Every structure is written in C-alpha cells, then in structure tokens.
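# Summary of structural features
Spelled out from the first residue to the last, the chains are:
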Amino acid sequence: MSFLTRKRAKRFFIYACLFLTVAAISLLTTVDRTSYRETEYYREFRRKIVSLPKPKPPTGADTLQAGWAKINITPPRPMPTAGYGQRRGKRYTAIHDSIYVRAFVFDNGIHKAALVSADLLIIAPELTNAIAKRLPAIGFSIGQTYLCATHSHNSTGGWADKLVGGLIAGGYEPEMVDFLAERFAQAIRQADSNKATAAIGAVAYPARELVANRLDFAHPTDSLLRVLKIRKTSGETAVIATFTAHPTLISDEEIVLSRDYPGILVDVLERSGKIGFAAFCAGAVGSHTTRTFGRNGWEAMDNEAGFLAKKIVIGFDKIPLGYHTQLRTVSVPLPLRLPHFRLTENIRLRPWVFHAAYGNYPSVIKGLRIGNTVWVGMPADFSGELVPAIQPYGEWQRNPLFVTSF
C-alpha cells in the first residue's frame, strides 16, 4: 500500500470514528433510574389530582336520561389490519364479522356525557382529534366524551401516521380517519336523540376461570366481569360490560376483519331476549389473556364469549336498579417522564428519537361519573394487577369502579 493510500485510509477511519461518535451522542444516552416518586412529573400529577374540584350534589339536576345507538364502521374497501404478530398492517383478505361504534348518551338536564366504544385496537390520537372537531356541531365536546375500544387485534387500521404506528396499523390513510370520525359523531347524535329517563345498576361477576396473567399466572389479577345495566322507563334495556382479557384469540396468521370475542359477546347478549343493546370496553388488560381453549381460535372465541354472556344473562334480572341524578366528566392531563426505549440494560435512545418514531402525543386520564358508578379511562393498557388495590371487591356495592383502556 502506497503512502498516499495509507494516508487516505487513515483519514477515512478518523472521519468514520468521528461520525459514529457524534451519532452515538446524538442518538443514545444512559438509562435514568431515578425513582418516580422523586420526579417532577410525578409531583405535578399529584398536584393536578389534589386540585380537582370536590364533587358536590348536583343542584337542579333531574333524573338521568339515557340513550344508545350503534353505527356500522366496516370500511367500504379492504384496509390494513391493526394488530401484532404476522399482521404487520397487511390488508385483511376477508370480513369475518362487521365492526361497529356504539354510543351511550347520559343527561341530567344540566350536563350531558357520551360514552363511546368502538371495535378498534385503540382510539388513536389522530382519530380522537378528528372526532373532537366534529363534536361541537352536535352539541358535545371532547371533554364530555369518554372513548374506549374493544381492543380487537383484527380490526381496521390506517389511523396512525408515525413509523411505529404504521408497523402496527398499516400505512396512514386520512380518509379512513375521516370515515371513522364521522360515524362516531353519527352514533352520538342518534343516541342523544332517543334519550329517556332511565334507572341504572352495576354488578361484578367473578370470572377468574376465564382470565390469566400471561407473565405470571400466580400474580394477582383483576378477574371481574363488570356490568352496567340501564333500563329506560319504556322497558328497553342495555348493558356495558368490561373485562380484562386481551381479545387475541384469533391467530395472527388469519388476516381477516373481526371483533374477536367482545363481538360475539355483545351478539349473544342481544339475542338473549333480555338485553336489547350491548356494548363492550376493554378493561385493565395489561398482561392479561384469556384462559379459554378450543380446537382453534374461532372455537375459543365462541367459548370465551359464551361463558361471559352466561354470567350476565343468568343474573341480569337480579341486578338492582336505581334512579340517579349524578353525572360528571373530567379530563386530567397525565404528565409523563421522558421516554426510555432501552437498547441495553444501561443504554437507551434519546427522547427525540423515540418521538420521531412513535409520535409525541398528550396523554389524558378521563373520568366519568354515572350515578354511583365511576369510570376511569386510561390512555394505554392499564394493568389489571393494579386495580384490586384501587378498589377492593368488598367496596363494589358502595362505589362501583370501571377501569378501561385505550
């Protein structure tokens, strides 16, 4: 090798080292193991919770009215499938069952609130923003609207505009977001139009045989099937059910559109002859999975839904009902620590890299008080391991708590 060649090689090596050093400094940093109790974001959130206005008996409020409606949100053409595993945003090849958005509107004459559940993996930030823009035209705001998903891993995608979101939900398709947002608004408007005075009641059925913690079967889980029953003075009835098992019974090799077991559950309830309308919200799913088996995912899906439906139908007539006036919504911004995407035990990506890939969205905890029931909506999958500490089962009759995710 000539002197000139060696000199060029040395210079290239130096430049490459400088480049890699700058890249490492720009992209990587060390893991911060500061206890969350010592962080400012934790103290800020505690301040926000403490400063919330104390609930007061509603002055001048009337007995709660309730209305409900559903709208088909099956896309007009095959869309990316939102889920994990082999799906990877591939377009579904068939429709196993249609997907819906189901809305409930509650009104005490002073305040109105909407609870909306959709057969989607999550209610993505892009979709939430699109819904928020449409609500004022129908007399609502996003602050009055409690959103939850059934969390089916075989539902439509196309609603995420960042790199990682695209890997889960396929390429971003703005027209799909508009399509969904418009139907959310339609469902709320229809539910609002058929309100009537209604009584409500809540019950929790133990269902430990149908759910397990997939990380540690011996770890405490939230295994309650929670049910809100609503009955109008006309006799029409509806239920909203929450449960903690992930709807992942369909094999990730089956790229089809489906609601998974929550869809079968609401169908069975509505065919029971006792319940006119049913909806499902994913509970504190965390690491929780179904315990039901079958010869294949479809049979397991039918079994899980059937066992849950049986618990609800058998005890449905015995659920005590009462007339209430309390209705309140609250939105609490959730401060978060800087993202820690670890590459090794001690090295992580810098926050700006994480945000570039995932997005940097505001997080909000939603609260909804319907009569004596309290609903808490978490921006991601809240862990069922934490729920028993929030409300022991013995307190259910006094202050029923529903925790939902996504």
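Small disclaimer: the values here were computed from a predicted structure and weren't measured.

Attention now moves to the pairing of strand β14 (residues 277-282). For β14, a buried count of six out of six residues is recorded, marking the element as mostly surrounded by other parts of the structure. Of the two faces of β14, the one carrying F277, A279 and C281 and the one carrying A278, F280 and A282 are both buried. Here strand β12 (residues 237-243) pairs with β14 via six bridges, running parallel. Bridging across to β14, A241 finds its partner in F280.

Note: strands within a sheet are paired through backbone hydrogen bonds, in either parallel or antiparallel orientation. Spatially, the four strands line up as an open sheet ordered β16-β18-β19-β20, and their pairing is mixed. The open sheet is flanked by β16 (327-333) and β20 (401-404), the only strands paired with a single partner. Pairwise comparison of adjacent strand axes, ignoring direction, gives a mean angle of 15° for this sheet. The sheet contact formed by β16 and strand β18 (residues 364-370) spans seven bridges and is antiparallel. Among the inter-strand pairings, T329 is bridged to a residue of β18, identified as L368.

The next thing to look at is the sheet that holds strand β2 (residues 65-72). With respect to topology, eight strands assemble into an open sheet ordered β7-β6-β5-β2-β9-β11-β12-β14, the strand pairing being mixed. At either margin of the open sheet sits one strand with a lone partner, and together these are β7 (145-149) and β14. Strand-to-strand twist across the sheet, computed as the mean angle between neighbouring axes with direction ignored, equals 25°. The sheet contact formed by strand β5 (residues 100-107) and strand β6 (residues 112-118) spans seven bridges and is antiparallel. What sits directly across from A103, in β6, is V116. Sheet contacts for helix α6 (residues 260-270): β2, β5, β12 and β14; angle to β14, the most-contacted strand, approximately 155°.

The probe, sized like a water molecule, is rolled over the atoms to show the empty space still left. Put simply, the second largest pocket is a space of about 970 Å³. Lining the second largest pocket are 33 residues, and of these L52, P55, R328, V330 and V374 sit closest to its centre. Listing elements by their share of the lining of the second largest pocket, those giving two or more residues are α2 (40-50), β16, β18, β19 (373-377) and β20. Classifying every residue of the lining of the second largest pocket by side-chain character gives 22 nonpolar, six polar and five charged.

Let's shift gears to the state of the cysteines. All told, the structure shown has one disulfide when counted by the stated rule. A sulfur-sulfur distance of 2.3 Å marks the disulfide that ties C148 to C281. You can see C148 sitting in strand β7 and its partner C281 sitting in strand β14, a full 133 residues away along the chain. Take C148 and C281: they sit in the same class, and that class is buried.

Thresholds, definitions, all that
- Residues numbered from 1 in each chain as written.
- Predicted model: local features only at pLDDT ≥ 70, side-chain atom pairs only at ≥ 80, totals over all residues.
- Heavy atoms only, no water.
- Buried < 20%, exposed > 50% of the residue type's maximum accessible area, 1.4 Å probe, protein only.
- Helix = DSSP H or I, 4+ residues; strand = E, 2+ residues; numbered from the N terminus.
- Pairing = 2+ DSSP bridges.
- Axes fitted to C-alpha atoms, helices over the stretch in contact; angles between N-to-C directions.
- Contact = heavy atoms within 4.5 Å.
- 1 Å grid on protein atoms, 1.4 Å probe; cavity = no way out; pocket = protein on both sides within 12 Å on 5 of 7 lines; lining within 4 Å.
- Points joined across faces, edges and corners; volume = space filled by probe spheres on them.
- Nonpolar A, V, L, I, M, F, W, Y, C, P; charged D, E, K, R; others polar.
- Disulfide = S-S within 2.5 Å.

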